[in-house]
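Coordinate inspection notes
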Amino acid sequence: HLDILTFSCSFWFRFHYMVVFMGCLLYFIFTFYLLQLQFSKKYGSVFTVYFGPKKAVVLAGYKTVKQALVDHAEEFGGRYVSRVADDINQQHGILFSNGDNWKEMRRFALSNLRDYGMGKKIAEEKILEECQYLIEVFEKHKGQPFDTTQPMNHAASNIIAFIVYGSRFEYSDPQFKGMVNRANENIRIIGTAPIQLYNIFPWMGKWIKTVKLLKNNLEVQVNHFRDLIDQLKTSLNAEMCRCLIDSFQIRKQKDEDSCVTDSLYHEENLLKVVSNLFAAGTDTTGTTLRWALLLMAKYPQIQFQVQEELRRETGSRQVRVEDRKKLPYTDAVIHETQRLASILPVAIPHVTTQDVNFQGFFIRKGTTVYPLLTSVLHDDCEWETPSTFNPAHFLDKQGRFVKRDAFMPFSAGRRACLGEGLARMELFLFFTSLLQRFRFTPPPGVTEEELDLTPAVGFTLNPSPHQLCAVSIV
Ligand code: HEM
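Residues numbered from 1 in each chain as written. Predicted model: local features only at pLDDT ≥ 70, side-chain atom pairs only at ≥ 80, totals over all residues. Heavy atoms only, no water.

1. Thoughts on the sheet that holds strand S2 (residues 54-59)
- Overall, mixed pairing links the 5 strands, which are arranged S1-S2-S7-S4-S3 in an open sheet. Two strands close off the open sheet at either side, each with one partner strand: strand S1 (46-51) and strand S3 (78-79).
- Across 2 bridges, the pairing between strand S4 (residues 350-351) and strand S7 (residues 368-371) is antiparallel. Its bridge partner lying in S7, valine 351 is registered against threonine 368. (Pairing = 2+ DSSP bridges. Helix = DSSP H or I, 4+ residues; strand = E, 2+ residues; numbered from the N terminus.)

Below, the structure is given as structure tokens:
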């Protein structure tokens, strides 16, 4: 059984050019991860592909991905920094940095996420407060069809804003709207073919329009973040730390006072940490919630069961995090949404930090690695009905919630999502608050069967453009 593909010379050339072509056109877009899935069925759980001259290893299936990311966490724990990621981050921040910079910024962000929210009452209060603003927006549509994208992203972004800046923004604030729109546009652009062409052949950058657009967007975004950081600086008080930015500035000052020459607490890192948290924490949560509402509209019987459970267990009072254990069906629906939607199908590419022997194959240090998360979330050895929306995947015969090892939408190992705790809280509270208040249906004239579950092209897998009706049930 061959896990790593070795090609004969002539086949290699054909394959090479085929993948250059595919890589240019399909890399990272929807069909590309499907192509990888197809390959994994044919060639096994570890195989090699070439993007132009660049070699990459794809890992597929629960056992292989877990073995690599968890059992060989160190070796597979580097981040691959593509040309465009390097232009954006210059090895600063968390998402696209490595080594000591990554370690320190990840540790700093995690401890701040804990201080200002994750797993704490304070984050719960802020999310519940945001739910009310979101409900107001939904109510304004009076049961008429609308696109849920913007309100969902605004709500998710405000939770990050609370942790990073210590305050939320009005949804009508033009600066805030601009920031969220740019972040979404960038995520969409990064997933497109021309940007991947630029990654493979950087010299082509000057002719590619979207590279310019992306760079312009990023410049405006960084200036916006810089203004907000400067505003907070004017009222900084070391005795009263309000948010992650304050905490960073206080540490920066401390290092300066102690004449630390190689301090990592400098402005570039602050700007990149802030923009990484907004980029990683907005579209992901917003997109998952949009999938959840779309699936509710498509499967009204499942929606009805969620609402029945909510009515039975919590009545009309506000749902709290501690209610989760009393709501196994609702919890299962949220997990199943994440499993089926698999919004980051290839995680964010990794790189090997050292030579590694894996499943009997030699992978050289510096090799790009794609952990195919979608192949884990749809692994037919792990899931009874991998392609069907089936909340029973997370329920036992008595209807109790069961954890599943192959549930890995946040990835695993050293690079696993650092916002998982916060994201899980957001998904639960936003979803239950909306379902207590509204029944979601297709627009008039569209049947449930006609609601399309085909994902749209992008770095994250979004639902295709659609509208839903939020019909008040209170
Ligand atoms: C990384 C998923 C929400 C911050 C990741 C990765 C995945 C992921 C798959 C890549 C892991 C890897 O490379 O192996 C998700 C999903 C979310 C979500 C599905 C919501 C449903 C959030 C939130 C935040 C966040 C709310 C911020 C508070 C990050 C950061 C990284 C990351 C900073 C980079 C970690 C590193 O490179 O060390 N996320 N995420 N994510 N996520 Fe999330």
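2. Points about the coordination of the iron atom of the ligand
- Protein coordination of the iron atom of the ligand rests on one atom only, Cys417 (SG), at 2.3 Å.
- Its place among the elements puts cysteine 417 in the loop between helix H15 (373-377) and helix H16 (420-437). (Donors = N, O, S within 2.8 Å, 3.2 Å for Na, K, Ca; no water.)

3. Concerning the site of the ligand
- Arg79, Arg106, His350, Ser411 and Cys417 are the nearest of the 27 residues found near the ligand.
- One nitrogen or oxygen atom from the side chain of tryptophan 102 is found 2.8 Å from an oxygen atom belonging to the ligand.
- Side-chain polar atom of serine 411 to an oxygen atom of the ligand: 2.6 Å apart, as the coordinates give it.
- Those elements giving two or more residues to the shell around the ligand turn out to be helix H5 (99-116), helix H12 (267-298) and H16.
- Of the residues in the shell around the ligand, the class split is 16 nonpolar, 8 polar and 3 charged. (Near = heavy atom within 4 Å. Polar contact = N/O pair within 3.5 Å; in protein donor to acceptor, adjacent residues only side chain to side chain. Nonpolar A, V, L, I, M, F, W, Y, C, P; charged D, E, K, R; others polar.)

4. Thoughts on the packing of aromatic side chains
- Evaluation of the coordinates by the stated rule reveals 19 aromatic pairs.
- When the centroid spacing of 5.6 Å and the interplanar angle of 75° are considered together, the rings of phenylalanine 108 and tyrosine 265 count as edge-to-face. Residue phenylalanine 108 is located in helix H5, and its partner tyrosine 265 is located in the loop between helix H11 (244-257) and H12; the two are separated by 157 residues in the primary sequence. You'll find phenylalanine 108 and tyrosine 265 in the same group, each marked buried.
- For the ring pair tyrosine 299 and phenylalanine 389, a centre distance of 5.5 Å and an interplane angle of 20° mean the geometry is stacked. Within this pair, whereas tyrosine 299 is found in the loop between H12 and helix H13 (300-314), its partner phenylalanine 389 is found in the loop between H15 and H16, the two being separated by 90 residues in sequence.
- Residue class for phenylalanine 389 comes out buried when judged on its relative accessible area of 6%.
- Grouping aromatic residues by their ring pairs yields a cluster made of Tyr165, Phe169, Phe176, Phe225 and Phe278. (Phe/Tyr/Trp six-rings, centres within 6.5 Å; stacked < 30°, edge-to-face > 60°. Buried < 20%, exposed > 50% of the residue type's maximum accessible area, 1.4 Å probe, protein only.)

5. Regarding the packing of H5 against H11
- In contact at an axis separation of 10 Å, H5 and H11 are set at 130° when each is read in the N-to-C sense. Looking at the two axes, H5 sits oblique to H11. Handedness of the crossing formed by H5 with H11: right-handed. Residues Glu104, Met105, Arg107, Phe108, Ala109, Asn112 and Tyr116 of H5 pack against Leu244, Ser247, Phe248 and Arg251 of H11.
- For the contact of H5 with H11, the class distribution of residues is 6 nonpolar, 2 polar and 3 charged. (Axes fitted to C-alpha atoms, helices over the stretch in contact; angles between N-to-C directions. Parallel < 35°, antiparallel > 145°, perpendicular 65-115°, else oblique. Left-handed = near helix turned anticlockwise from the far one by under 90°. Contact = heavy atoms within 4.5 Å.)

6. Topic: the nonpolar core
- If you look at the biggest cluster of nonpolar residues, it comprises 105 residues, and the most contacted ones within it are Phe138 and Tyr165.
- Among the elements that line this core, the one with the most residues is H12, at 14 residues.
- The residues contacting tyrosine 165, other than those within four sequence positions of it, are Phe225, Leu228, Leu232, Cys243, Ile245, Val274 and Phe278. (Core = buried A, V, L, I, M, F, W, Y, C linked by side-chain atoms within 4.5 Å.)

7. Thoughts on the side chain of threonine 374
- For threonine 374, the position within the fold is in helix H15.
- Overall, threonine 374 belongs to the buried group, its relative accessible area being 2%.
- Of the polar contacts made by the side chain of threonine 374, one reaches the side chain of serine 342; its length is 3.3 Å.

8. Section: helix H14 (residues 328-341)
- The terminal C-alpha atoms of H14 lie 20 Å apart, and with 14 residues this matches the ideal 20 Å at 1.5 Å per residue to within 8%.
- Among the 14 residues of H14, 14 are classified as buried, and the element is accordingly described as predominantly covered.
- At the exit of H14 stands serine 342, carrying a positive phi of roughly 40°. (Expected span 1.5 Å × (residues − 1).)

9. A look at the pattern of salt bridges
- According to the stated counting rule, one finds 27 salt bridges in the structure shown.
- In this structure, glutamate 129 and lysine 126 form a salt bridge, with 3.5 Å as the shortest nitrogen-oxygen distance. Separated by 3 residues within a single helix, glutamate 129 and lysine 126 lie in helix H6 (residues 121-140), roughly one turn from each other.
- The exposure class assigned to glutamate 129 is partly exposed, which follows from its relative accessible area of 32%.
- Classification of lysine 126 as partly exposed rests on a relative accessible area of 27%.
- Among the ionic pairs, arginine 400 bridges to aspartate 396, the shortest N-O distance being 2.8 Å.
- Its relative accessible area of 24% is what places aspartate 396 among the partly exposed residues.
- Each of Lys121, Glu124, Glu125, Arg320 and Glu322 takes part in one network of salt bridges that share partners. (Salt bridge = Lys/Arg side-chain N within 4 Å of Asp/Glu carboxyl O.)

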